[in-house]
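# Coordinate analysis (summary)
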Amino acid sequence: MCSTIVSNALRMRHRREFLFPVMVLPFRRTICRIAPRLFCAWLACLVAGAALWCQEAPKLTIQWDNVVVVSKTTLTLQVVVNPPLRPGQPLAAAAYKAVKDLGADDVRYVPWLPYPKLAVAELQPPTPQKTSWDFSLIDPMTREFFAATAGHSTVLNFSTIPQWLFKTDRPVTYPADPNQVDWHYEQGTELRDPSGKELGDYYARLVSWYVGGGFTDEDGVRHESGYHYKIPIWEVLNEVDFEHNMTPESYSRRYDIIVSAIHKVSPTTKFMGLALADAGASPQWFEYFLNHANHKAGIPIDYISYHFYASPTPEENLSDWQYTFFDQANGFLNTVRYVEAIRKRLSPETKTDLDELGVILPTDNKPGDNVPPPHAYWNACGSLYAYLFMELSRMQIDIAGMSQLVGYPTQFPSVSMMDWTENKPNARFWVLKLIKDSFHPGDKLVETKVSSNDVAAQAFVTPSGRRLLLANKRDRTIEISIPDAEGANARVVDESTGDGPARTVKPAEGKIELSPFAVAVVDW
């Protein structure tokens, strides 16, 4: 087939000579000078395309009897509080239905700083006359979250500290409109109470509101909630390497204060620390925080957490992203290996939650970010997550969380798992659901090799049978040979599935065709 394509291209060279009409004869000399260059460039592209066309399909080698490791990895997502998730919003109803249908464990819930009234329960400092405790805007969203995750474990992180707890030049203001974004609410670096008691008391009362039916405020007044939820895991603050200019030392002190206070009102809660934004730049955080000598006696370090977002440059597009996303992921995976070595040395009983995994485009939160990326972008993000899951499972990472349920223009639209215009899950969500429904902790990863770096593959032995996860990392269709494909079926999320669930396909002649950025699970 290759020689035929090249021969046809050479014949086209002579055919072109007859395409020049007589009217261009005055320009013959110019044409004769540039035509060979144009033709050579065109022929080179055609031959390169023919070479790609003629590449052999990547081949898999699976040794089903050679178990490499047993997976510990739970797949999940994070829910970040923002106005479209308020009750009554069409996107909120669709988003929480998606969370319920997913049925994931360890879903992370984060009311955070851009919307102070939706995240902070005491926005003004108490006085002897009154306090400002107010859950009227926070509770409705929190109730919907608990309803959507009923029967499953969760990770709660009310990450934003009331800013009046910090020393600032002047009182920190916030918008009266709870839906108005405010990126300047977070201010201050030093707590006004050096002992940290005010900080601990705030979080103890906040947690008691949800687990203990209410609390007594600073003035001795009882506030009843009637809630008796369980909080399996509490994550202490968020991206502390950025927020409030914390150091490993100052954060560890605040972690101890908050954990001690919450533990008194919720004795069964486990605790997660760090939630670092840039783990690769901050190994000293892990060295300090994971050393139990740097904490008060009896303070548990049940989990550590940190984040990864691929971040292309403004000049890049889809043809670049297919390499940038995965190259940056490989750098992050090296960071994970390094951190795991520290964790195993200092605190081997501590688990790891990578609770924000995704991509942030450089157009986010800038004018014009309401122009959606190309549709294939969502599939590329899904393929990236599938690749990360394979690698993290091999490292026995405990939790891998896709970020985030709802984004939209002005609020990281490129990170969304929901189509905010159509109010339905996009391809990122459907990739998460496909993998989450197919693979679970306890599955056995067996030796899997693929002959091309363009495709990621990992085979598993599960209680339901043999399964193979495939991810096309490239913006082109790739056909891959599957050993022992007889009797196999596949479920695929790709561009053709759009904002819908995986489709079912049957491998033909021992091969499966993966369209650009497709993610497939093959079942035997």
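Residues numbered from 1 in each chain as written. Predicted model: local features only at pLDDT ≥ 70, side-chain atom pairs only at ≥ 80, totals over all residues. Heavy atoms only, no water.

### Quick word on the overall build of the protein chain
- When you go through the protein chain residue by residue, the secondary structure sums to eleven helices and 21 strands.
- For the protein chain, the residues scored as buried account for 55% of the 524 residues in total.
- Contacts in the protein chain between residues far apart in sequence, at least 24 positions, make up 75% of those at least 6 positions apart.
- Surface exposure of the protein chain reaches about 23,000 Å², of which carbon and sulfur atoms provide 54%. (Helix = DSSP H or I, 4+ residues; strand = E, 2+ residues; numbered from the N terminus. Buried < 20%, exposed > 50% of the residue type's maximum accessible area, 1.4 Å probe, protein only. Contact = heavy atoms within 4.5 Å. Areas by Shrake-Rupley, 256 points an atom, 1.4 Å probe, with all protein chains shown as cover.)

### Focus on the pattern of salt bridges
- Within the structure shown, the criterion is met by 22 salt bridges.
- The salt bridge partner of Glu479 is Lys511, with a shortest N-O separation of 3.8 Å. Taken together, the residues Glu479 in strand E17 (residues 478-481) and Lys511 in strand E20 (residues 511-514) connect sequence positions 32 residues apart.
- Two residues, Arg503 and Asp494, come together in a salt bridge whose shortest N-O distance is 2.6 Å.
- Its relative accessible area of 32% is what places Arg503 among the partly exposed residues.
- By relative accessible area, which is 2% here, Asp494 ends up buried.
- A network of salt bridges, in which partner residues are shared, links Arg108, Glu235, Asp355 and Glu356. (Salt bridge = Lys/Arg side-chain N within 4 Å of Asp/Glu carboxyl O.)

### Some details on the packing of helix H6 (residues 197-211) against helix H7 (residues 248-265)
- Their axes nearest at 8 Å, the elements H6 and H7 cross at an angle of 35 degrees. In this structure, H6 crosses over H7, and the sense of that crossing is right-handed. For the pair H6 and H7, the contacting residues are Leu199, Gly200, Tyr203, Ala204, Val207, Ser208 and Val211 in the first and Arg254, Ile257, Ile258, Ala261, Ile262 and Val265 in the second.
- Looking at the contact of H6 with H7 residue by residue, the classes come out as ten nonpolar, two polar and one charged. (Axes fitted to C-alpha atoms, helices over the stretch in contact; angles between N-to-C directions. Left-handed = near helix turned anticlockwise from the far one by under 90°. Nonpolar A, V, L, I, M, F, W, Y, C, P; charged D, E, K, R; others polar.)

### Concerning the packing of aromatic side chains
- Counted under the stated rule, the structure contains 38 aromatic pairs.
- An angle of 20 degrees between the planes, with centres 4.7 Å apart, marks the rings of Phe308 and Phe332 as stacked. One end of the pair, Phe308, is in strand E9 (residues 303-310); the other, Phe332, is in helix H9 (residues 318-346), and 24 residues separate them in sequence.
- The exposure class assigned to Phe308 is buried, which follows from its relative accessible area of 7%. (Phe/Tyr/Trp six-rings, centres within 6.5 Å; stacked < 30°, edge-to-face > 60°.)

### Focus on the sheet that holds strand E10 (residues 351-359)
- With parallel pairing, eight strands are arranged side by side around a closed barrel as E2-E3-E4-E7-E8-E9-E10-E11. Mean inter-strand twist for the sheet, computed between neighbouring axes without regard to direction, equals 25 degrees.
- Summarising the sheet, strand E2 (residues 74-80) and strand E3 (residues 107-110) pair through three bridges and their orientation is parallel. Counterpart to Val79 in the pairing with E3 is Tyr109.
- Strands E2, E3 and strand E4 (154-156) of the sheet are contacted by helix H5 (residues 138-148), whose axis makes an angle of about 175 degrees with E3.
- Across the sheet, H7 lies against strand E7 (233-235) and strand E8 (270-276), angled at about 155 degrees from E8, the strand it touches most. (Pairing = 2+ DSSP bridges.)

### A look at the confidence of the model for the protein chain
- Per-residue confidence for the protein chain averages 91 on the pLDDT scale, and 90% of its residues sit at or above 70.
- The spread of mean pLDDT over the elements of the protein chain runs between helix H1 (residues 2-16), the lowest at 32, and E7, the highest at 99.
- When the criterion is pLDDT under 50, residues 1-54 qualifies, and its contacts beyond four places in sequence or with other chains add up to 18 contacts. (pLDDT = per-residue confidence, 0-100.)

### Describing the nonpolar core
- By size, the foremost hydrophobic cluster in this structure holds 128 residues, and its most contacted members are Tyr203, Trp234, Tyr251, Phe286, Tyr306 and Leu392.
- Top contributing element to this core by residue count: helix H10 (residues 376-394), with 13 residues.
- Other than its neighbours up to four places away in sequence, Phe286 contacts Leu274, Leu276, Ala279, Ile304, Tyr306, Val339, Ile342 and Leu346.
- Counting 22 residues, the second-largest nonpolar core is a separate cluster that includes Ala459, Ile478, Ala488 and Ala490. (Core = buried A, V, L, I, M, F, W, Y, C linked by side-chain atoms within 4.5 Å.)

### Examining the sheet that holds strand E15 (residues 455-462)
- Here seven strands make up an open sheet; going across it, the order is E1-E14-E15-E16-E21-E18-E19 and the pairing antiparallel. What marks the edges here is a single partner per strand, and that holds for strand E1 (60-70) and strand E19 (503-505). Within the sheet, the average angular offset between the axes of one strand and its neighbour, ignoring direction, is 25 degrees.
- Pairing of strand E18 (residues 489-493) with E19 involves three bridges; the strand directions are antiparallel. The residue bridging Val492 from the neighbouring strand is Arg503, located in E19.
- Relative to strand E16 (residues 465-472), H10 is tilted by about 130 degrees, and along the sheet it contacts E1, strand E14 (444-450), E15, E16, E18 and strand E21 (519-523).
- Set on the sheet, helix H11 (residues 427-438) makes contact with E15, E16, E18 and E21; between it and E18 the angle comes to about 150 degrees.

### Side note on the environment of Phe242
- Structurally, Phe242 can be placed in the loop between E7 and H7.
- Beyond its immediate stretch of four places on either side in the chain, Phe242 contacts Glu186, Ala277 and Asp278.

### Structural notes on a positive patch on the surface
- Residues Lys72, Lys270, Lys344 and Lys351 make up a contiguous surface patch of positive charge.
- Relative to the elements of secondary structure, Lys270 occurs in strand E8. (Patch = residues over 30% accessible without salt bridge, like charges linked within 9 Å, V, L, I, M, F, W, Y side chains within 5 Å. Lys, Arg positive; Asp, Glu negative; His and termini not counted. Charge placed at Lys NZ, Arg CZ, Asp CG, Glu CD.)

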